[in-house]
Amino acid sequence: MKQRKVPMRKDVLTNEMAPKRLLVRIVKNKEGQVSLDPTGKKPGRGAYVGLNAAAVKQAQQKHSLDKILETKLSDDFYQELYDYVEHQQARFDLFGELGKKH
């Protein structure tokens, strides 16, 4: 059986390429609203962040995502992102490849 190509995306915080399923998509819609996109299907400009809680905290301090998405993000959004990344990392650590979608 032929192996499928793994989609890769660039983590905007670390500038490293990673498999898409190991990243979290953040999307900015036409109205300028920014939200997490766990499905990866929301319309708008997307940016990918890796499952690295320390990088998210550093991004909050430097307001890195504000610059990347060209909008002012609240501390609540950064906290939501941090909690989501931490949860997804723990889930991946627990299930590893078993949590992989087929």
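For the structure, see preceding data.
Residues numbered from 1 in each chain as written. Predicted model: local features only at pLDDT ≥ 70, side-chain atom pairs only at ≥ 80, totals over all residues. Heavy atoms only, no water.

## Quick look at the overall build of the protein chain
Filter applied, for reference: Runs of H or I in DSSP of at least four residues are treated as helices and runs of E of at least two as strands, each being numbered from the N terminus. As a reference, a globule follows 2.2 Å times the number of residues to the power 0.38, and the radius of gyration itself is taken over C-alpha atoms.
Each helix and strand counted, the protein chain has 3 helices and 5 strands in total. Across the protein chain, helices and strands are ordered from the amino to the carboxyl terminus as β-β-β-β-β-α-α-α. For a compact globule of 102 residues, the expected C-alpha radius of gyration is about 13 Å, and the protein chain comes in at 14 Å, within 12% of that figure. Taking the principal axes of its C-alpha atoms as reference, the protein chain extends roughly 45 × 25 × 20 Å.

## Quick look at the sheet that holds strand β3 (residues 23–28)
Backbone-to-backbone hydrogen bonds pair the strands of a sheet. The strands run either parallel or antiparallel. What counts, and what does not: For two strands to be treated as a pair, DSSP must find no fewer than two bridges joining them. Angles shown run from 0 to 180 degrees and are taken between the N-to-C directions of axes, each axis being a line fitted to C-alpha atoms and, for helices, limited to the stretch in contact. Two residues form a contact once any of their heavy atoms are found within 4.5 Å.
Read across the sheet, 3 strands follow the order β4-β3-β5 without closing on themselves; strand pairing throughout is antiparallel. What marks the edges here is a single partner per strand, and that holds for β4 (34–37) and β5 (45–50). Strand-to-strand twist in this sheet, taken as the mean axis angle between neighbours without regard to direction, amounts to 30 degrees. The pairing of β3 with β5 spans 6 bridges and is classified as antiparallel. Paired with Val27 across the bridge in β5 is Gly46. The sheet contacts of helix α3 (residues 75–95) involve β3, β4 and β5, and relative to β4 the element is tilted by about 10 degrees.

## Overview of helix α1 (residues 53–62)
To be explicit about the condition: Note on exposure labels: buried denotes an accessible area under 20% of the residue type's maximum, exposed denotes more than 50%, and partly exposed covers the range between, all computed with a 1.4 Å probe on protein chains only. Arc definition: it is the arc formed by the directions from the helix axis to the C-beta atoms. The term polar contact refers here to a pair of N or O atoms within 3.5 Å; inside protein, the definition further demands a hydrogen-donor-capable atom paired with an acceptor-capable atom, and it admits residues adjacent in sequence only when both atoms are side-chain atoms.
Within the span of α1, buried status applies to Ala53, Ala55, Val56, Ala59 and Gln60. Burial along α1 is one-sided: seen end-on, the buried residues are contained in an arc of 160 degrees. Every exposed residue of α1 that faces more than 90 degrees away from the buried side is listed here: Ala54, Gln61 and Lys62. On the buried face of α1, the contacting elements are β5, α2 (64–69) and α3. N-capping of α1 is provided by Asn52, with a side-chain oxygen placed 3.1 Å from the backbone N of Ala54. Positive phi shows up at His63, right after α1, with a value of about 55 degrees.

Keep in mind these values describe shape, not function.
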